[in-house]
Amino acid sequence: MQEFSMTKPSFVDILEERRRGSDISHALRAFSPPPGCGAPPPSPSALNKMVLESQHLRYVVLEVRGHSEGGEAAALLDEMSQNLQVTFIRLLGFALSKIFTRLFRRIQVNEDGLARLQQATQEHPVILMPNHRSYVDFLVLSYIMFTYDLSIPVIAAGIPLMGMSLIGEIFRRSGAFFIRRAIGSDKLYWAVLSEYVRTIVRTGFAPVEFYVEGLRSRTLKSLTPKMGMMHMVLEPFLKGEVYDLSLVPVSISYDRVLEESLLAHELLGVPKPRETTRGLLKARRVLEQDYGSMHVYFGNPVSVRELAKGRIGRGQYNLVPRDLPGRPSEESQAFASAAAHRVVRLQERGTVLSPWSLTALLVLQRPDGTRWDLLARDTLWLRGIALQLGARLDWPADLPDLEVMSSSMALHRSVVRCEEGCVWLVEEAGPEPVTQEEGVFRRASAVLMCASYRNQALHVFTRPAMVAVAMGTVPGHSQEDIYRHFCFLRDLFANEFVFVPGCGPQDFEEGCSGLQQCGAVSATDHELKPTEEERDTIVFLSAILEPFIETYQVTGDNCTLLYFSLRNCLSFFPSHFREIFPNSTRYTLPGGYLPPTPTCCKLQCPNIYFRQSHCRIHPGSCSPTPLCGPQVATSSPI
Amino acid sequence: VCVCVQDIMKWNGWGYSDSRFLFNKKGQGEFTGKRYRLSGMILPSLKDWFEATFGTSLQHKTPATPTLNVSAVPPPNLVEPFVEELKVAGVAASHDPEGRVFRSHGHCLHEIFALREGRIGRVPDLVVWPNCHNDVVKIVELACKYNVCLMPYGGGTSVSSALECPLEETRSVVSLDTSQMNRILWIDEKNLTVHVEAGIIGQDLERQLNESGYCTGHEPDSMEFSSLGGWVATRASGMKKNIYGNIEDLVVHIKMVTPRGVIEKSCQGPRMSTGPDIHHFIMGSEGTLGVVTEVTMKIRPLPEYQKYGSIVFPNFQQGVSCLREVARQRCAPASIRLMDNEQFQFGHALKPQVSSIFTSFLDGLKKFYITKFKGFEPHHLCVATLLFEGDREKVLQHEKQVYDIAAKFGGLAAGEDNGQRGYMLTFVIAYLRDLGMDYYVIGESFETSVPWDRVLDLCRNVKERIVRECKERGVQFPPFSTCRVTQTYDAGACVYFYFAFNYRGLADPLHVYERVEHEAREEILANGGSLSHHHGVGKLRKEWMREAVSTVGLGMLQSVKEYVDPNNIFGNRNLL
């Protein structure tokens, strides 16, 4: 991915100035961002008028309702639309200065990225595409934009936020617009929403911000992108209504995520609390804790025009009115999907990891406790590998390594504790004695949190690890065979990790060169051999994927893959519950989930199939039942 | 041999030898000669505009080779018996190198650029001047007999590489110059038609008809030099098509000589249902099927009254909306054109020195009114130029209707003078390219037609694409990339682009230019524009023909060619 620069970005702490200066004058300072694309921002009501008068909406109203009465569409738009007002931005700016200085030690921002963003907003409509790890993501982004005198983005938010009295209105006036969750086949709603988004993109007065992952990642692992919004923002380009679009990937990472325990409990099946103002007030106590630093990396703007070159014919709308409602063509869908995946990959690559992510990875492999000195030694070893694989680490050079690691771990005392030279996962307190099942639950939340932080770093290792696993399952060293097995894994994990569709060879190449970087393999023209010296690396990398592979289970000979629900693992295989692969509940929706795996894979990759036979349970009983209803449920800004 | 236009025209540039732009010793722009309204005038703002727009300096000159180096012209490849029999038949012919070079090119940038550098490529081996239809019949017969390649030549104003001799052509290439077939054969006042030999040049046709109180009203920008036969062969479009129609609307009857014989209809009925209109095989055939020798055209009585006009809009978008509304109400004047801001400024640079303090005071006042009082942004405003024709009363009524529509889109009437200057610009702009080429600036125009709803998007995207492509290809200074909407139709508009840049520092400026033009065309097609509105395909745009008309469509055209001209006597290789 040439869009990604490997030079080390320099980060600036925006809170430093807040701690020195007055929050009031920060909130009241002159704020006059140059309007995007040189277009003066239309008033919210003018914008809504443009939407309601659009030919597209009129087509749909007529088609759906049989008359041209636009009242219903107007009501939907009223519910949805933002009402950006500078006063509220200032108010929010003031409040956030107070809150953020309490929550975080530092908010690190790469200024070069902001300069590029500033440049991009002058040229073409900008789509801000942050990853989504916490409720505060979008607040932080708007806060940064305000601080740097950039146009406040228009943000796609989930409708539950709107329901919060007062807060919802503040968000709306700070540029959020609200999207219902279960839109389903409500054509009119889709039409209003898509026309609204497209109108904003077309006029280009402010960046559009949305979470391409669709929802907050409860596991801190990147999610495969959702395509709805992606199509809406790309359409103005595909239809020639704008010359180009800049997709700006934004990677947000936290030393410690505000809602970490909430996330763990959600994954364990405790329902997510409804977003209410009262709930928010109750959650005040999160303000009393230390969340370390957060990093916001603004990636290089990706030109959609460049992405589209040779991949998609823009003449596809030449023979129909462009306003005509219709599904995007297969070509457009494939293009949008590839673009969205690419952005998520860029988000991953831009993510700054805390040392704790590496430590967490190791802690998980020793769930029954380990010696601190060994853990520290291995973390350092892992740091070496991670750096060779191109990871971005927030590892202060001016402090002794041991101090870096211990302070990074100390921030997570709710998860791990270091006592008498040993590191333990924390168990939740509760009345003694406990049943075996309760015991699992008590430790589960710490394990899940640990796994989540591990997940933040996972993307660094995925591809080399897949090559490592593939090497282990191939009898010889033929690159071709390894590649075939690699592809099998790639298909298998298509919903687990983010792979850009159609980029198998590049992924393989990346994995191989990563391994070569670490000195773990030597490559000749047609062969890929592990080196003797770095056998540990291969074993270690394979071990990273082990739990993921184990979570997939083959039943019978019809070659169907079933997912283990979390409950199955918890109830029946406590001993095997080394680390849970928390994402699983997401997929155990009613009706079960079948990852797309070609049947022929069985023949190609028998080894992988037969490795995962640890379970002693009749397949029939691992019915994919979710613990507490579907977990794809709602979240804050999508 | 003949009295030829070649004697009064440039051999390596546009138009008359006596008319050209130059910067005089004081560095002021000047237009020489006596033929145009602008001739002999000083243009005080041209230099500043020129230097600011292209980043050029008058110090850095790239003068053209002054005279044709005759020895560089390849010797003619003649088929002696063919030449002999021509002589016997009494057809004028010559293999004089200057005449051959003159007919070896149109006015594409690369053609003129090469000539200025003294580079001569493949040129016709012989020029023949038929005097009438029968001469053409004779020439085509002989060409078939001796397998000689014929290339019809009318006014030589092609901008589609249509006149370039195909490099792969090994036969003797004969340029068939129609300039001597330039008589009006009859005028039919009862039916308002005129029967003309196809070699007549536009301005001559119009002048002669005017003497009888008539006109065709067909005025392409090239009408000073282009020929009737050329219009038919390329599907030409005239500035005043809103009243008179394009060439396909004007033509009543066509006679064309092909290797298979003469093709024509048996009557002059105004419309027929006799299968596909065979005229449509001829119009746009670009010289690949035969030579158009005689045409019957509609004529109209000369209009009683003509009035120019102009409207200033706050921005291009408003202007386009206004033109769209005018088209919707079907009340377009004879001509209505909308220039973007860059072209508006360009027009200003060509304002001659004002004669009195009073005029300059008035100009200042106008500017003040528009920019300060009306709040038009000088870098966004754009101007529409109008031409009304007809009865005096109707013209005034019509004018009011159009200005009322314009007012709804924020348009302000900006006077007759601005309008008239706008139209004059179209005749002198081709001369300006030669000036640019004296100072490291190369450029060209190209056009398209596009549905109304895409006009704005197409204009923006194509202009931007040009700017980006230039930058990527190492052009040091932002290019001049501008457009205007030149024709309105019920379902869309014709858009005309000018594109020029300063090529200092580029190793292969022509290549850069060609790539950028190519990308611009790709952009046009991607935005729903057509391959050409009136310039034609020639050899320059052939690569997109299949995409433009579908494989079956192309096959249909090919099968016509195969039947009419199986031995490819008309071998200019245009279109297909």
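In this text, all values refer to a predicted model and were calculated from it rather than measured experimentally. (Residues numbered from 1 in each chain as written. Chains lettered and ligands numbered in written order. Predicted model: local features only at pLDDT ≥ 70, side-chain atom pairs only at ≥ 80, totals over all residues. Heavy atoms only, no water.)

## Some points on unusual backbone geometry
For A:L220, which is not a glycine, the phi torsion comes out positive at approximately 65 degrees. You can see A:L220 is positioned in the loop between β6 (208-209) and α12 (228-238). Even without being glycine, B:N147 reaches a positive phi, approximately 50 degrees. Structurally, B:N147 is set in the loop between α5 (133-146) and β6 (149-153). Taking relative accessible area as the criterion, B:N147 reaches 38% and is therefore assigned partly exposed. (Helix = DSSP H or I, 4+ residues; strand = E, 2+ residues; numbered from the N terminus. Buried < 20%, exposed > 50% of the residue type's maximum accessible area, 1.4 Å probe, protein only.)

## Considering the domain arrangement of chain B
Residues and elements named next belong to chain B. Partitioning chain B into structural domains gives domain 1 (73-105 + 121-177), domain 2 (184-301) and domain 3 (305-527). Between the C-alpha centres of domain 2 and domain 3 the distance comes to 29 Å. Listed per partner, the contact involves 13 residues of domain 2 and 17 residues of domain 3. On the domain 2 side of the contact with domain 3, D221, M239 and N242 bury the most area, a combined 48% of that side's loss. In this structure, E389 engages K240 in a salt bridge whose closest nitrogen and oxygen atoms are separated by 2.4 Å. Here domain 2 and domain 3 share 8 residue pairs in polar contact (both at pLDDT 80 or more) between them. The residue inventory of the side of domain 2 that touches domain 3, partitioned by class, reads 5 nonpolar, 4 polar and 4 charged. (Domains from an automatic or database assignment. Contact = heavy atoms within 4.5 Å. Buried area = accessible area lost by both parts, 1.4 Å probe. Salt bridge = Lys/Arg side-chain N within 4 Å of Asp/Glu carboxyl O. Polar contact = N/O pair within 3.5 Å; in protein donor to acceptor, adjacent residues only side chain to side chain. Nonpolar A, V, L, I, M, F, W, Y, C, P; charged D, E, K, R; others polar.)

## Looking at the sheet that holds strand β2 (residues 29-31) of chain B
In any sheet, the strands associate via hydrogen bonds between backbone groups, in a parallel or an antiparallel arrangement. Residue and element names in this part refer to chain B. Ordered in space as β1-β2-β3, the 3 strands form an open sheet in which the pairing is antiparallel. At either end of the open sheet lies a strand with only one pairing partner, and these are β1 (21-23) and β3 (42-43). Two elements, β1 and β2, share 3 bridges in a ladder whose sense is antiparallel. Bridged to L22 within β2 is E30. (Pairing = 2+ DSSP bridges.)

## Here's the deal with the nonpolar core
Residue and element names in this part refer to chain A. With 120 residues, the main nonpolar core has F100, F104, V296, F298 and F461 as its most contacted residues. Counting residues per element, this core draws most heavily on helix α20 (residues 436-473), at 19 residues. Counting residues in each nonpolar core, the second largest holds 54 residues, with F177, V201, F210 and V344 among its members. (Core = buried A, V, L, I, M, F, W, Y, C linked by side-chain atoms within 4.5 Å.)

## Quick notes on the pattern of salt bridges
Once the charged atoms of two side chains with opposite charge are near each other, the side chains can pair. Residues and elements named next belong to chain A. Inspection of every chain in the model, using the stated rule, returns 76 salt bridges over all chains. Among the salt bridges present, the one from R65 reaches E72, with a minimum N-O distance of 2.6 Å. Classification of R65 by relative accessible area gives partly exposed; the value is 33%. With a relative accessible area of 37%, E72 lands in the partly exposed category.

## Side note on the packing of aromatic side chains
Under the definition given, this model contains 38 aromatic pairs over all chains. Ring geometry for A:W381 and A:F540: centres 5.2 Å apart, planes at 85 degrees, overall edge-to-face. Remark: A:F540 occurs in helix α23 (residues 535-551) and A:W381 occurs in helix α18 (residues 372-388); sequence separation between them is 159 residues. Ring centres 5.3 Å apart and planes at 10 degrees place the aromatic pair B:F499 and B:Y513 in the stacked group. Of this pair, B:F499 sits in strand β21 (residues 492-502) while B:Y513 sits in helix α17 (residues 509-526), placing them 14 residues apart in sequence. Across this residue pair, the class does not change: B:F499 and B:Y513 are buried. These aromatic residues form a ring-pair network of at least three members: B:F23, B:W49, B:F50, B:F54, B:F346, B:Y439 and B:F480. (Phe/Tyr/Trp six-rings, centres within 6.5 Å; stacked < 30°, edge-to-face > 60°.)

## Section: the UniProt feature "domain: FAD-binding PCMH-type" (unreviewed entry) in chain B
UniProt's feature table lists "domain: FAD-binding PCMH-type" (unreviewed entry) at residues 120-302 of chain B, given in the numbering used throughout. Within residues 120-302 of chain B, the helical portion is 23% and the strand portion 26%, while the C-alpha atoms at the span's ends are 44 Å from each other. (UniProt positions renumbered as here; feature names shortened; annotations may be inferred.)

## As for the interface of chain B and chain A
Across the boundary between the two partners, chain B contributes 14 residues, which contact 16 residues of chain A. Counting across the interface, chain B meets chain A through 4 salt bridges. In this assembly, chain B and chain A are joined by 13 residue pairs in polar contact (both at pLDDT 80 or more). Secondary structure elements with two or more residues in the side of chain B that touches chain A: α16 (455-472) and α17 of chain B. If one sorts the elements of the side of chain B that touches chain A by residue count, α16(B) sits on top with 7 residues. Here the residues of the side of chain B that touches chain A are counted per class, giving 2 nonpolar, 3 polar and 9 charged.

## Some details on the sheet that holds strand β11 (residues 251-258) of chain B
Residues and elements named next belong to chain B. Read from one edge of the open sheet, 5 strands run β8-β9-β13-β11-β12, paired in antiparallel fashion. The outermost strands of the open sheet, each flanked by one partner alone, are β8 (184-188) and β12 (261-263). On average, each strand axis in the sheet is inclined to that of its neighbour by 10 degrees, with strand direction left out of account. Of the pairings in the sheet, the one linking β11 to strand β13 (residues 291-298) comprises 6 bridges and is antiparallel in character. When the sheet's bridge partners are listed, V257 is paired in β13 with V291. Each of β8, β9 (193-197) and β13 is contacted by helix α6 (residues 202-211), which is oriented at about 45 degrees to β8, the strand it contacts most. (Axes fitted to C-alpha atoms, helices over the stretch in contact; angles between N-to-C directions.)

## So, the UniProt feature "binding site: substrate" (unreviewed entry) in chain B
All names here are of chain B. When the UniProt feature table is mapped onto this chain numbering, "binding site: substrate" (unreviewed entry) sits at R433. Here R433 lies in helix α15 (residues 416-438). Here R433 is in contact with H107, C108, L109, I112, G443 and E444, once residues within four sequence places are set aside. Here the side chain of R433 touches G443 through a polar contact of 3.4 Å, landing on its backbone oxygen.

## Points about the pairing of strand β4 (residues 154-158) of chain A
Residues and elements named next belong to chain A. With 5 of 5 residues buried, β4 lies mostly within the body of the structure. The side-chain alternation of β4 yields two buried faces, one formed by V154, A156 and G158 and the other by I155 and A157. Relative to β6, β4 runs parallel, the two being bridged by 2 bridges. Paired with I155 across the two strands is E209, which belongs to β6. Bridge count for β4 against strand β5 (residues 176-179) is 4 bridges, and the pairing is parallel. Each residue of the ladder has a partner; that of A156, found in β5, is F177.

## Quick look at the pairing of strand β15 (residues 305-313) of chain B
All names here are of chain B. Taken across its 9 residues, β15 has 7 buried, putting it largely inside the fold. As judged from the 9 bridges shared by β15 and strand β17 (residues 382-390), these two strands associate in the antiparallel manner. Opposite Y308, over in β17, you have L387 as the bridge partner. Where β15 and strand β18 (residues 412-413) come together, 2 bridges link them in antiparallel fashion. Each bridged residue has a counterpart across the sheet, and for V312 the counterpart in β18 is L412.

## Quick notes on the UniProt feature "domain: Phospholipid/glycerol acyltransferase" (unreviewed entry) in chain A
Cross-referencing UniProt, the feature "domain: Phospholipid/glycerol acyltransferase" (unreviewed entry) maps to residues 126-255 of chain A in the present numbering. Taken end to end, residues 126-255 of chain A has its terminal C-alpha atoms 28 Å apart, with 39% of it in helix and 19% in strand.

## Comments concerning α6(B)
Since one α-helical turn is 3.6 residues long, residues separated by three or four positions face the same way. Residues and elements named next belong to chain B. Residues of α6 that are buried: G202, L205, E206 and L209. Axial view of α6: buried residues confined to an arc of 95 degrees, hence all on one face. Check the buried side of α6 and you find it contacts β8, β9, β10 (214-215), α7 (228-234) and β13. Looking one or two residues beyond α6, the residue adopting positive phi is G213, at roughly 85 degrees. (Arc of directions from axis to C-beta.)

## Considerations on helix α11 (residues 187-203) of chain A
Residues and elements named next belong to chain A. Here α11 contains 17 residues, and its C-alpha end-to-end distance of 24 Å stays within 8% of the 24 Å for a straight helix at 1.5 Å per residue. Where burial is concerned, most of α11 is hidden: 13 out of the 17 residues are buried. Trailing α11 by a residue or two, G204 shows a phi angle of about 65 degrees, which is positive. (Expected span 1.5 Å × (residues − 1).)

## Some points on the UniProt feature "transmembrane region" (unreviewed entry) in chain A
Mapped onto this structure's residue numbering, the UniProt feature "transmembrane region" (unreviewed entry) falls at residues 138-163 of chain A. Between the C-alpha atoms that bound residues 138-163 of chain A there is a distance of 17 Å. The span itself is 58% helix and 19% strand.

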